[in-house]
Amino acid sequence: MLECAAERLDCIRYARASALLSPLKRYLLRLIPVLLHHHSDKLPGYNGPLTPNGIFDFHLNAEDFEACDTLDITVPPNAIKPNALIEGVYSMGSTASFGQNSQSDIDVWLIHNKSMSQSQCELLAQKASLLTQWFAQFDFEVNIYLVHPQQFVMGQDDQKDLYNSMGHEHSGSAQHWLLLEEFYRSHFKLAGKVIAWWPQAKKRAHLLSLGDARALPASEYFGASLWQLYKGVEKPHKALLKVLLLEAYASEYPHTRLVSDHIWKRTLEGDFSAGNDAYYLLYESIETYLLKLGDARRLEITRRCFYLKCGVRLSFSEQAKDWRYYKIHQLVENWGWAASLVETLDNCEYWHCGQLQWFNEQLNELMLGSYQTLLHFASAHRLSESLRISELGLLTRKLHTYFSEDEHQIMTLNQLWSRSITEDHLSIIYSEQDKNYYLYRCAPNPKQFLQHSAVYHSKSKAKLLVWASLNCISVQSTRWYEVKKSKRRAEFLTRAARRLDGLIDLASMKVSKMALCQPWHFKKLVFLLNFNSDPTEQWLGQEIMADYLNSNIFSMGKHKTNMLGSIDVISLNSWGEWHCNHFEGEKAILEALASVTPGMRRATHEVCIEVISCSSKLRSQTERSVKNLLDRAVRLTDQAQDSSTLVYPLKVGPIRYGIFFNNRGMHFENLSDAKSFYQQLSKRKLVEIPRPELGNEPFSKLPSVIQDYAAKGAVQYFLRQRVEGLDVFILDENNALNHYVQEGADVEGLVSQVSHHHAFNDSTLEKEQFNMPQFFKLERVKGQLIALPFGVSKEAYEVEF
């Protein structure tokens, strides 16, 4: 009886999934098991004769043959393969549920026989990848993951030798039982054995059990919530529902009523209605929890996320009335939504940047709130033993780049469903009251300002340009305006924005795991000159004479005027973060140079540098002078040795400065009173002095490899195992140094202890931060001391994260 109920649910889910697909995609769905069962050089996905194939008890029916004929695929005559190495093929996730929409992909678990070797698994994974590519040509996204039948019941140590292709999409070690529970509540069989997912299921040859999802440990909630936040960077509306479900589960721990339990109970009662749906019951569990809390605000956002994820557009007359339609219609009526709200949600593909910005902020706030709740819950338990510390560090580092509260960082806007958020006109208004610049998506017409709200604001005017360019709100055709400024100023704004377009893009933010394990360095720098303050407006000289006399634009004419009033440094680093830092005043060029030199020094490849002058006059001269100075800084920093410092003279305004370069970066000093030293500089243009001349440096007694890795913004631990104990060097976010030797400790134990402290200490619980430490092992290789990121294999170095 239990098997019959499970098989009936499988059939109904298969029918529901097919009902939401186009005729072609229905055929393609049928071909997934067919192409995994059969293997020949005449079929898609063929990658050699040794690839395992054959699905337990699988044979083609009339619909399968029809699908083959439609796609012009020839398969051998029907025959069950006696030595089938695939136990079963299953769809899981949103397919066949309320969450399936036209943009949904198909996640497939291929559960193979436990006897398969790693080389066989790798061949099968290669074939799965080729099949994914073949399906993609039909705009049908199929992701196939290999699953060992015992990976959910084996200990962490026993799993080390297992081949696992679920790493990236299914969180690696961050969640384990929660992933199995999601599979149990949402799967349906495409071919193979029936999954025995009900309580106290008996072991039988024709059934397949992956373990008991009710053995869900409290320690897993923390890693799972981190993983869902990470997934939320791309799909926040979907991740929010899963994070809230985790919160609801945690509130009932240890007597948690799982969604899979609700589904099985209704299935046994003979309820195969739309109400017994994995995604709907997920929403219902969250609703019950939030109503119990009396949290109406979060419940409203949750309902909107659920509605948008389903993709049913109630206000569209052409909307197909499929099996979900009437249930969603009933829900919306129960929620008391106005027709205007339904229409706004249905037209989400045309949301402008202001609407997206608001919705993004709501989603992020709610996800972080749930994370804090789960963090408090998890702080009473140890980290899950299956959660590798290296992955904890990677997840938190990636989340820190997204949820950072750094005022200089430029956050990306998730476009969610919007096709385009480009604007024809953008206006900037400066508020004397709070000293902020505000961005409006309209031309500078007073009536229009009354109809619009500001879509973005910042203390930095340049940051508005960068944010609009990064998020494709401003493009080549966009016209910019600044209220209460001249038309000429509007032209400068527009010209600067057009030059930024193309220099700043979202694609450049993709990073590898190795990059997140290393100290950050710059990949791209854009210098915006005189954008806020422009001394050249009052300059009365002739530009041709400035070129002819090879004038120093930092100290021009008899009044020694510095022609750079302000500099905005726009930077992309190796962690995929865009920042905008503003420097203003007489020493802006020196302060900007000191700020960027260390990040350029650490770069493994040449840093892309662009200089854009917004000056009224001397535009080419200011650009050329700054670019030359930056190139010189890079050369001199490379030339500087550990034991010495290079000094370059530069006159800025009326003051003579010495710019000191060493292999850590640079700093500058006023040399007006150091006459003999400056005379020496004047004659030779470049002077090499002993390193101690730089003064009392905290790094002077450190191993040079640690000096090379020192980067502000991250806590860094450098660990060296010695006979007398563990040598521990710590650099905090501001590069302040602490050093001690810990007796009787090993690297793994200390890393685990420190990670747990940083994850759960009180300061972390009180504020939203993910700035986990970076750990490096100091090892001597061929006589040279090197730093290796802790817990990351060489094979994983360049894997995108």
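A quick note: this is a predicted structure, and the numbers were derived from the prediction, not measured.

**As for the pattern of salt bridges**
At step 1: Counted under the stated rule, the structure contains 26 salt bridges.
At step 2: Where lysine 265 meets glutamate 269, a salt bridge forms, and the shortest distance between an N and an O atom there is 2.9 Å.
At step 3: According to the relative accessible area criterion, glutamate 269 is exposed, its value standing at 54%.
At step 4: Among the charged side chains, a salt-bridge network with shared partners connects Asp212, Arg214 and Asp261.

**A short note on the confidence of the model for the protein**
At step 1: Per-residue confidence for the protein gives a mean pLDDT of 87; residues scoring 70 or more make up 89%.
At step 2: Every residue in residues 691-698 scores below 50 in pLDDT, and together they form 17 contacts with partners more than four places removed in sequence or on other chains.

**Regarding the pairing of strand 1 (residues 86-92)**
At step 1: In terms of burial, strand 1 is a largely internal element, seven of the seven residues being buried.
At step 2: Relative to strand 2 (residues 106-112), strand 1 is paired through six bridges, and the arrangement is antiparallel. The residue bridging isoleucine 86 from the neighbouring strand is histidine 112, located in strand 2.

**Here we look at a nonpolar patch on the surface**
At step 1: Side chains of Met1, Leu2 and Leu268 sit close together on the surface and give an oily, nonpolar patch of about 310 Å² of accessible area.
At step 2: If you trace the backbone, methionine 1 turns up in the segment before helix 1 (2-19).

**Focus: the nonpolar core**
At step 1: Among the nonpolar cores identified, the biggest contains 151 residues, and Phe183 and Leu439 are the most heavily contacted of them.
At step 2: Sort the elements by how many residues they give to this core and helix 13 (residues 353-378) lands first, with 12 residues.
At step 3: Contact partners of leucine 439, with chain neighbours within four places excluded, come to Leu426, Ser427, Ile428, Ala454, Val455, Tyr456, Leu464, Trp467, Ala468 and Trp480.
At step 4: Grouped together as the second largest cluster of nonpolar side chains are 47 residues, Ile589, Leu618, Val626 and Ala633 included.

**Side note on the side chain of histidine 579**
At step 1: Relative to the helices and strands, histidine 579 resides in strand 14 (residues 578-584).
At step 2: Judged by relative accessible area, histidine 579 falls into the buried class, the value being 11%.
At step 3: Separated by 3.4 Å, the side chains of histidine 579 and aspartate 406 make a polar contact.
At step 4: Ignoring any residue separated from it by four or fewer positions in sequence, one finds histidine 579 in contact with Asp406, His408, Gln409, Ile410, Val569, Ile570, Ser571 and Asn573.

**Quick word on the sheet that holds strand 20 (residues 716-722)**
At step 1: Taken in spatial order, the five strands make up an open sheet running 22-21-20-23-24, and their pairing is mixed. Here the strands that pair on one side only, and so sit at the sheet edges, are strand 22 (737-742) and strand 24 (784-789). Direction aside, the axes of adjacent strands within the sheet are offset by 25 degrees on average.
At step 2: Note: strand 21 (residues 725-731) against strand 22, six bridges, orientation antiparallel. Considered in strand 22, the bridge of leucine 731 is made with leucine 737.
At step 3: Most of the contacts of helix 24 (residues 747-760) go to strand 20, to which it runs at about 155 degrees, and overall it touches strand 20, strand 21, strand 22 and strand 23 (774-781).

**Some remarks on the environment of glutamine 357**
At step 1: Considering the arrangement of structural elements, one finds glutamine 357 in helix 13.
At step 2: In the structure, glutamine 357 is positioned 98 residues away from valine 455 in sequence and 7.0 Å away in space, judged by C-alpha atoms.
At step 3: Residues within four places of glutamine 357 in sequence aside, it is in contact with Leu413, Val455, Tyr456 and Trp467.

**A short note on the environment of tryptophan 264**
At step 1: Of note, tryptophan 264 is situated in helix 8 (residues 259-268).
At step 2: The buried category is assigned to tryptophan 264, whose relative accessible area is 6%.
At step 3: Remark: the alpha-carbon pair of tryptophan 264 and arginine 185, spanning 79 residues in sequence, is separated by 8.4 Å.
At step 4: Each residue touching tryptophan 264, except ones within four places of it in the same chain, is listed here: Leu2, Ala5, Ala6, Trp197, Trp198 and Pro199.

**A short note on helix 13**
At step 1: Under the 1.5 Å per step criterion, the end-to-end length of helix 13 is 36 Å for 26 residues, consistent within 8% with the ideal 38 Å.
At step 2: A large share of helix 13 lies buried, amounting to 19 of its 26 residues.

**So, unusual backbone geometry**
At step 1: The peptide bond linking tyrosine 253 to proline 254 adopts the cis configuration, its omega dihedral lying at 10 degrees.
At step 2: Tracing the sequence through the fold places proline 254 in the loop between helix 7 (236-252) and helix 8.
At step 3: At asparagine 735, a position not held by glycine, the phi torsion is positive, near 70 degrees.
At step 4: Its location among the elements puts asparagine 735 in the loop between strand 21 and strand 22.

Basis of the calculations
Residues numbered from 1 in each chain as written. Predicted model: local features only at pLDDT ≥ 70, side-chain atom pairs only at ≥ 80, totals over all residues. Heavy atoms only, no water. Salt bridge = Lys/Arg side-chain N within 4 Å of Asp/Glu carboxyl O. Buried < 20%, exposed > 50% of the residue type's maximum accessible area, 1.4 Å probe, protein only. pLDDT = per-residue confidence, 0-100. Contact = heavy atoms within 4.5 Å. Helix = DSSP H or I, 4+ residues; strand = E, 2+ residues; numbered from the N terminus. Pairing = 2+ DSSP bridges. Patch = residues over 30% accessible without salt bridge, like charges linked within 9 Å, V, L, I, M, F, W, Y side chains within 5 Å. Areas by Shrake-Rupley, 256 points an atom, 1.4 Å probe, with all protein chains shown as cover. Core = buried A, V, L, I, M, F, W, Y, C linked by side-chain atoms within 4.5 Å. Polar contact = N/O pair within 3.5 Å; in protein donor to acceptor, adjacent residues only side chain to side chain. Axes fitted to C-alpha atoms, helices over the stretch in contact; angles between N-to-C directions. Expected span 1.5 Å × (residues − 1).

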